[in-house]
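Below are the chains, spelled out letter by letter.
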Amino acid sequence: MSNIDLIIEEREADIGNFLVGRLLPFRKKRLVGPFCFIDHMGPVEFTDGTDFDVPPHPHIGLSTLTYLFEGSIMHRDSLGTAIEIKPGQVNWMTAGKGIVHSERTPDHLRGKPKGMHGLQIWVALPKDKEFMEPSFFHAGEDQLPTWEQDGVRITLVAGEAFGKRSPVPVHSPLYFLDIQSTERSTLEIGKELFGESGLYILEGAIVNDGERFGPKQILVSKNPDLCAFTLEPGTRVFLFGGEPFPEDRHIHWNFVATERATIEEARQRWMAQDFPKIEGETEWVPLPG
Ligand code: MN
């Protein structure tokens, strides 16, 4: 019997000067563990010198996880952080009670041909940390646990799994794993994972219970004991999930909260420009109607 409960197909969404593939939230499955939003950015080639620009915008009630495969993004936030993220590195920004950030093509690449490909993920905060102080953490590629197992290469981007722990300071029990195969390999998961689990196929294909699944979909499992799945050669997948929260989450624009009133308050604060400012930035994204 198949262990797959639900299949989520990637859908096109417009985030300004950029088309993305939206994976979460999905109407039948809004969160997978604490993961409430996943966008697949690109792959896109800006051959005419177009730049990637997401002007200052606010967040509350979540952490953002940025993980690139190609290209480069300059992150600036209201804590004073200004850091360029490159493929294999992790940006983990915790909004808590409120943060503002911008994401742009770094100066040294502006106006030049360039590519962009990556994942932008939101992880909801547990209710008791919803209003925590905002913070920012950057991890270099060499800081993330990486190992070979059953013929595949695994990087633990965030959380805990397979007896290892990523330095990314997560706020609830979760995991986010980058798994790559060069040859046909069968990965034994056993009881390594916990909570709710999703498998996102970026490239290549996997076989589970005799069924083959290709790119641009998330397989949500009925339980985290996936046992095993086979990766075809040149496959890259992401296994993610964790303990689900006991309460629902309201997700509105860039805001996540357990109470509707918290979202409304954040809307009013952004309209009144009552969020902290980013040094050197004057633009801001207006609240959508
Ligand atoms: Mn953002």
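Data block above holds the structure.
Residues numbered from 1 in each chain as written. Predicted model: local features only at pLDDT ≥ 70, side-chain atom pairs only at ≥ 80, totals over all residues. Heavy atoms only, no water.

Counting its regular elements, the chain contains one helix and 25 strands. Computed over its C-alpha atoms, the radius of gyration of the chain comes to 19 Å, within 12% of the 19 Å expected for a compact globule of 289 residues. Projecting the C-alpha coordinates of the chain onto the three principal axes gives extents of approximately 55 × 45 × 35 Å. Across the 289 residues in the chain, those meeting the buried criterion constitute 57%. Of the contacts formed within the chain by residues at least 6 apart in sequence, a portion of 70% connects residues at least 24 apart. (Helix = DSSP H or I, 4+ residues; strand = E, 2+ residues; numbered from the N terminus. Rg over C-alpha atoms; globule rule 2.2 N^0.38 Å. Buried < 20%, exposed > 50% of the residue type's maximum accessible area, 1.4 Å probe, protein only. Contact = heavy atoms within 4.5 Å.)

Right, let's get into the sheet that holds strand E7 (residues 73-77). Pairing between the strands of a sheet is mediated by backbone hydrogen bonds and can be parallel or antiparallel. Judged by pairing direction, the sheet is antiparallel, and its four strands sit side by side in the order E5-E10-E7-E8 without closing on themselves. Strands with a single pairing partner mark the edges of an open sheet, and in this sheet they are strand E5 (53-59) and strand E8 (82-85). Shown here is a sheet whose adjacent strand axes are inclined to one another by a mean of 20°, direction ignored. Relative to strand E10 (residues 99-104), E5 runs antiparallel, the two being bridged by five bridges. (Pairing = 2+ DSSP bridges. Axes fitted to C-alpha atoms, helices over the stretch in contact; angles between N-to-C directions.)

We now examine the pairing of strand E4 (residues 35-46). Burial analysis of E4 places nine of its twelve residues in the buried class, which makes it a mostly covered element. By the bridge criterion, nine bridges tie E4 to strand E11 (residues 114-124) in an arrangement that is antiparallel. Note on E11: the bridge partner recorded for Phe35 is Val123.

Take unusual backbone geometry next. With an omega of 5°, the peptide bond between Gly42 and Pro43 qualifies as cis. Within the secondary structure, Pro43 is located in strand E4. For Trp253, which is not a glycine, the phi torsion comes out positive at approximately 50°. Topologically, Trp253 is positioned in the loop between strand E24 (250-252) and strand E25 (255-257). Overall, Trp253 belongs to the partly exposed group, its relative accessible area being 23%. Positive phi, normally seen in glycine, also occurs at Gln273, with a value near 55°. The partly exposed category is assigned to Gln273, whose relative accessible area is 22%.

Here we take up the coordination of the manganese ion. Within the protein, His57 (NE2), His59 (NE2) and His101 (NE2) serve as the donor atoms for the manganese ion, at 2.1 to 2.2 Å. In primary sequence terms, the donor set of the manganese ion follows H-x1-H-x41-H. One exposure class covers both His57 and His59, and it is buried. (Donors = N, O, S within 2.8 Å, 3.2 Å for Na, K, Ca; no water.)

In this section: the pairing of strand E23 (residues 236-242). Most of E23 is tucked away: seven of the seven residues are buried. Here E23 shows two buried faces, one formed by Arg236, Phe238, Phe240 and Gly242 and the other by Val237, Leu239 and Gly241. Examined bridge by bridge, strand E16 (residues 174-181) and E23 share seven bridges and lie antiparallel to one another. Bridge pairing links Tyr175 to Gly241 in E23. Sheet topology places strand E18 (residues 196-203) next to E23; seven bridges connect them, and they run antiparallel. Paired with Glu203 across the bridge in E23 is Arg236.

By size, the foremost hydrophobic cluster in this structure holds 29 residues, and its most contacted members are Phe176 and Phe240. Excluding its chain neighbours within four sequence positions, the residues that come into contact with Phe176 are Phe35, Tyr67, Leu119, Ile121, Thr155, Leu156, Val157, Ala158, Phe238, Leu239 and Phe240. Residues Ala161, Phe162, Ile179 and Leu199 belong to the second largest nonpolar core, which totals 22 residues. (Core = buried A, V, L, I, M, F, W, Y, C linked by side-chain atoms within 4.5 Å.)

Note on placement: Thr105 falls in the loop between E10 and E11. Judged by its relative accessible area of 4%, Thr105 falls in the buried class. Separated by 2.7 Å, the side chain of Thr105 and the backbone nitrogen of Phe52 make a polar contact. Excluding its chain neighbours within four sequence positions, the residues that come into contact with Thr105 are Asp51, Phe52, Asp53, Arg110 and Lys114. (Polar contact = N/O pair within 3.5 Å; in protein donor to acceptor, adjacent residues only side chain to side chain.)

A few words on the environment of Pro126. Counting through the fold element by element, Pro126 comes out in the loop between E11 and strand E12 (135-139). As a C-alpha pair, Pro126 and Pro288 span 162 residues in sequence and 26 Å in three-dimensional space.

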